[in-house]
Amino acid sequence: MAATRSFGPEREAEPVKQARVVGSELVDTYTVYIIQVTDGNHEWTVKHRYSNFHDLHEKLVAERKIDKNLLPPKKIIGKNSRSLVEKREKDLEVYLQTLLATFPSVAPRVLAHFLHFHFYEVNGITAALAEELFDKGEQLLGAGEVFVIGPLQLYAVTEQLQQGKPTCASGDAKTDLGHILDFTCRLKYLKVSGTEGPFGTSNIQEQLLPFDLSIFKSLLQVEISHCDAKHIRGLVASKPTLATMSVRFSATSMKEVLVPEASEFDEWEPEGTALECPVTAVIPTWQTLTTLDLSHNSISKIDESVKLIPKIEFLDLSHNDVLVVDNLQHLYNLIHLDLSYNKLSSLEGVHTKLGNIKTLNLAGNLLDSLSGLHKLYSLVNLDLSDNRIEQMEEVRSIGSLPCLEHVSLLNNPLSIIPDYRTKVLAQFGERASEVCLDNTVTTEKELDTVEVLKAIQKAKEVKSKLSNSDKKVSEDSRLSAALCVKPSSSPPTMAPTSASLPQPILSNQGILGDE
């Protein structure tokens, strides 16, 4: 794994670049030489045939007046013989090392491209990016498109700025670093997309490189993926403008993204909070952020950093390791929440944290009970697919929600119950026709069946009430009889009754009530 140079005032001297010819391979009828380039801890591989070296040499002779005899000569006969190839490998390595020693600070453009500096080396990367933005920057800004950049490019710009060198070291105005800074200052839509594993032919682990985003002054939207959130600096500089943020495959906690400076303080509170006790820091909020996507990370807790995003309306925490719904009571504007594919096993008290929620995705968790959802009166869309719900009685917890229109219960144990759809729809009573179950519109036939099930259910309830009423009458009658019967062996004596009331029927078993 390639180490990286860190941020900070104490910086190592710029490493000496090296180029070694480490081997060769035969491709069709010609030999390709394998070149290993080293820049500090970064290494990468470049492949060229002899004709590419010859073209490079011709240009350097013309542009930089280097010795035309520096390059080993061509050989026509036996050019692919093992002995010639091995000798040429050594000669070409000496040639490249001589060139790098001749141009220690900034390699000529043609040499930099030959050794792929524009892909892997700090100066080459920034020069290539500056030239691209010199040519297309205004067009990109005018079109309002998302600008895609890699962590290695941002790392190179950050390094270049920290080095304190002239912004145009090569002498070519097109490669001036100022073109990058002017562009980033005005850019509104940014996407930083890293790679998994080594980058290109190098040993550079792009997702682990540190970089600084404070050069972006006007961002409305940012997407970051496959970077290490702990190594990202300057994102908080976009707090005044940022409306949409996505950080995926990058974070282990919400704090890393929302309040990276929290690690420096024992106690902190968001700006504008009424402080009840002393704190070591007051942190400004993300005052314009309304959409936050932190899906596909390794987040296990919804921590107190959510206090810093009070304007959030859409929050995606899907595909994480969240165990408990917590701290969301601070998000008064939250209407869409995605907690799918986490590790939630209970929803108890969730209504106290999600008072105004309209869309809730809980698919792919460990839920077997829905009891905590019964007071989410604003809920319109609910996804409960891929959970562990077995009992139809659990659906009653959501059956009385007045605004619920879309429900998904696919791939739960109860979904294999015979007549599953109609039994679920019946739990919604008079609103059954308004509910779309499992993304399938309810048919008239299903509604007819639901009416039958509702009638059966109502009959059962009436029968149950009558049964309970009869039992109560029977118990009252037995109690009345017991009070009237004397404990002696003589026949029971009738209690005085009104002439207008029917006389009770007596038997040798006492007073009988209707069964």
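Look above for the structure.
Predicted, not measured: the structure shown is a model, and the values here were computed from it.

Re the pattern of salt bridges
For the structure shown, the criterion picks out 16 salt bridges. Of the charged contacts in the structure, one is a salt bridge between Arg-82 and Glu-86, with a shortest N-O distance of 3.2 Å. Of the two residues, Arg-82 and Glu-86 are both situated in helix 2 (residues 82–102); the distance of four residues between them amounts to about one turn of the helix. Residue classification places Glu-86 among the partly exposed positions, given a relative accessible area of 40%. We note a salt bridge from Glu-256 to Lys-230, for which the minimum N-O separation is 3.8 Å. With Glu-256 in helix 8 (residues 254–258) and Lys-230 in the loop between strand 7 (221–225) and strand 8 (232–233), the pair connects residues that are 26 residues apart, well separated along the chain. Relative accessible area serves as the criterion here: at 46%, Lys-230 is assigned to the partly exposed category. A single salt-bridge network, built from bridges that share partners, covers Arg-82, Glu-86 and Glu-89.

Thoughts on the sheet that holds strand 18 (residues 436–437)
The sheet built from eleven strands is open, its strands ordered 4-5-7-9-12-13-14-15-16-17-18 with parallel pairing. Either end of the sheet is taken by a strand with one partner, and the two such strands are strand 4 (147–149) and strand 18. As defined by bridge partners, strand 14 (residues 336–338) adjoins strand 15 (residues 359–361) across three bridges and the pair is classed as parallel. Bridge assignment links Asp-338 to a residue of strand 15, and that residue is Asn-361.

Quick notes on the environment of Leu-347
Tracing the backbone through its elements, the reader meets Leu-347 in the loop between strand 14 and strand 15. Under the relative-accessibility criterion, Leu-347 is labelled buried at 4%. A sequence separation of 23 residues divides Leu-347 from Val-324, and the C-alpha atoms of the two residues are 8.1 Å apart. Residue contacts for Leu-347: discarding those within four places in its chain leaves Leu-362, Leu-367, Ser-369, Gly-372 and Leu-373.

Some remarks on helix 2
Quick reminder: α-helices carry 3.6 residues per turn. Residues three or four places apart thus point the same way. The terminal C-alpha atoms of helix 2 lie 30 Å apart, and with 21 residues this matches the ideal 30 Å at 1.5 Å per residue to within 8%. The set of residues buried in helix 2 consists of Leu-84, Val-85, Arg-88, Glu-89, Leu-92, Tyr-95, Leu-96, Leu-99 and Leu-100. An end-on view of helix 2 places all buried positions within 140° of arc, on one side of the element. Residues of helix 2 that are exposed and point more than 90 degrees away from the buried face comprise Ser-83, Lys-87, Lys-90, Val-94 and Ala-101.

A word on the packing of helix 1 (residues 50–64) against helix 2
Across the interface, helix 1 lies against helix 2 with an axial gap of 13 Å and an inter-helix angle of 30°. In this view, helix 1 runs roughly parallel relative to helix 2, as classed from their interaxial angle. As helix 1 runs across helix 2, the sense of the crossing is left-handed. Residue-level inspection shows Tyr-50, Phe-53, Leu-56, His-57 and Leu-60 of helix 1 in contact with helix 2, the latter providing Arg-88, Leu-92, Tyr-95, Leu-96 and Leu-99.

Quick notes on the packing of aromatic side chains
The tally for this structure, following the rule as stated, stands at six aromatic pairs. Pairing Phe-119 with Tyr-120 gives two aromatic rings, centres 6.1 Å apart and planes at 75°, and the pair type is edge-to-face. Judged by relative accessible area, which is 7%, Tyr-120 ranks as buried. Look at Tyr-120 and Phe-199: their rings are 5.8 Å apart centre to centre, the planes differ by 70°, and that puts the pair in the edge-to-face class. Residue Tyr-120 is found in helix 4 (residues 117–120), and its partner Phe-199 is found in the loop between strand 5 (189–193) and strand 6 (211–212); the two are separated by 79 residues along the sequence. Judged by relative accessible area, which is 23%, Phe-199 ranks as partly exposed. An aromatic cluster is defined as three or more aromatic residues linked by ring pairs; in this entry it consists of Trp-44, Phe-117, Phe-119, Tyr-120 and Phe-199. Over the face of the ring belonging to Tyr-50 we find Arg-88, whose NZ or CZ atom lies 4.0 Å from the ring centre.

Some thoughts on the packing of helix 5 (residues 122–143) against helix 7 (residues 177–186)
Taken N-terminus to C-terminus, the directions of helix 5 and helix 7 make an angle of 40°; their axes are 8 Å apart at the nearest point. One element, helix 5, and the other, helix 7, form an angle in the oblique class. Both helix 5 and helix 7 take part in a crossing whose hand is left-handed. Two secondary-structure elements touch here, helix 5 through Thr-126, Leu-129, Ala-130, Leu-133, Phe-134, Gly-137, Glu-138, Leu-140 and Leu-141 and helix 7 through Leu-177, His-179, Ile-180, Asp-182, Phe-183 and Arg-186. For the contact of helix 5 with helix 7, the class distribution of residues is nine nonpolar, three polar and three charged.

A closer look at the side chain of Asn-361
Summarising the element assignment, Asn-361 is placed in strand 15. In this structure Asn-361 touches Leu-337, Asp-338, Leu-339, Ser-340 and Asp-383, once residues within four positions along its chain are discounted.

Examining the pairing of strand 7
Side chains on a regular strand alternate between the two faces of the sheet. As paired strands, strand 5 and strand 7 are joined by five bridges and run parallel to one another. Note on strand 7: the bridge partner recorded for Val-192 is Ile-224. The pairing of strand 7 with strand 9 (residues 244–248) spans five bridges and is classified as parallel. By the bridge assignment, Val-222 is partnered in strand 9 with Met-245.

Considering the pairing of strand 1 (residues 17–27)
Direction of pairing for strand 1 relative to strand 2 (residues 30–39): antiparallel, over a ladder of ten bridges. Residue pairing across strands places Lys-17 opposite Asp-39, the latter belonging to strand 2. The antiparallel pairing of strand 1 with strand 2 creates a hairpin that spans two residues between the two strands, and Asp-28 there sits at a positive phi of about 55°.

Structural notes on helix 6 (residues 151–163)
The end-to-end C-alpha distance of helix 6 is 18 Å, a good match for the 18 Å that 13 residues give at a rise of 1.5 Å each. Of all the positions in helix 6, only Pro-151, Leu-152, Leu-154, Tyr-155, Ala-156, Val-157, Thr-158, Glu-159 and Gln-160 are classed as buried. Positioned one or two residues after helix 6, Gly-164 has a phi angle of 70°, which is positive.

Observations regarding the side chain of Asn-297
Within the fold, Asn-297 resides in the loop between strand 12 (291–293) and strand 13 (314–316). By relative accessible area, which is 8% here, Asn-297 ends up buried. In terms of polar contacts, Asn-297 uses its side chain to reach the backbone amide nitrogen of Ala-251, at 2.8 Å. Polar side-chain contacts of Asn-297 include one of 3.2 Å to the backbone oxygen of Ser-295. Non-local contacts of Asn-297, meaning those with residues more than four positions away in its chain, are made with Val-247, Arg-248, Phe-249, Ser-250, Ala-251, His-319 and Asn-320.

Parameters at a glance
For every chain, the first residue of its written sequence is number 1, and the numbers climb from 1 along that sequence. Note on the predicted model: pLDDT of at least 70 is required for a residue's local features to be given, and 80 or more for side-chain atom pairs to be given and counted; whole-chain, interface and lining totals, by contrast, use all residues. Side-chain descriptors were evaluated using all non-hydrogen atoms of the structure, hydrogens and water having been removed beforehand. Within this document, salt bridges are pairs made up of a side-chain nitrogen of Lys or Arg and a carboxyl oxygen of Asp or Glu, the two lying within 4 Å of each other. Every helix listed is a DSSP run of H or I at least four residues long, and every strand listed is a run of E at least two residues long, numbered separately from the N terminus. Accessible area is worked out with a 1.4 Å probe on protein chains only. A residue is then buried under 20% of its type maximum, exposed over 50%, and partly exposed in between. A pair of strands counts as paired when DSSP detects no fewer than two bridges linking them. We call two residues in contact whenever any of their non-hydrogen atoms come within 4.5 Å of each other. A helix is expected to span 1.5 Å multiplied by its residue count minus one. Taking the helix axis as origin, the arc is that swept by the directions to the C-beta atoms. A fitted line through C-alpha atoms represents every axis, and for helices the fit uses only the stretch in contact; the resulting angles, taken between N-to-C directions, go from 0 to 180 degrees. An angle below 35 degrees is treated as roughly parallel, one above 145 as roughly antiparallel, one from 65 to 115 as roughly perpendicular, and anything else as oblique. Whether a crossing is left-handed or right-handed is set by the direction in which the near helix is turned from the far one by less than a right angle, anticlockwise for left-handed and clockwise for right-handed. Two aromatic rings, drawn from Phe, Tyr or Trp (for Trp, its six-membered ring), form a pair once their centres lie within 6.5 Å of each other, and the interplanar angle then sorts them: stacked below 30 degrees, edge-to-face above 60, tilted otherwise. Geometrically, a charge over a ring is one whose NZ (Lys) or CZ (Arg) sits within 6 Å of the ring centre while staying within 35 degrees of the ring normal. Throughout, the ten residues Ala, Val, Leu, Ile, Met, Phe, Trp, Tyr, Cys and Pro are labelled nonpolar, Asp, Glu, Lys and Arg are labelled charged, and all others, Gly among them, are labelled polar. The definition of a polar contact used here is a pair of N or O atoms within 3.5 Å, where within protein one atom must be able to donate a hydrogen and the other to accept one, and adjacent residues in sequence count solely through side-chain atom pairs.

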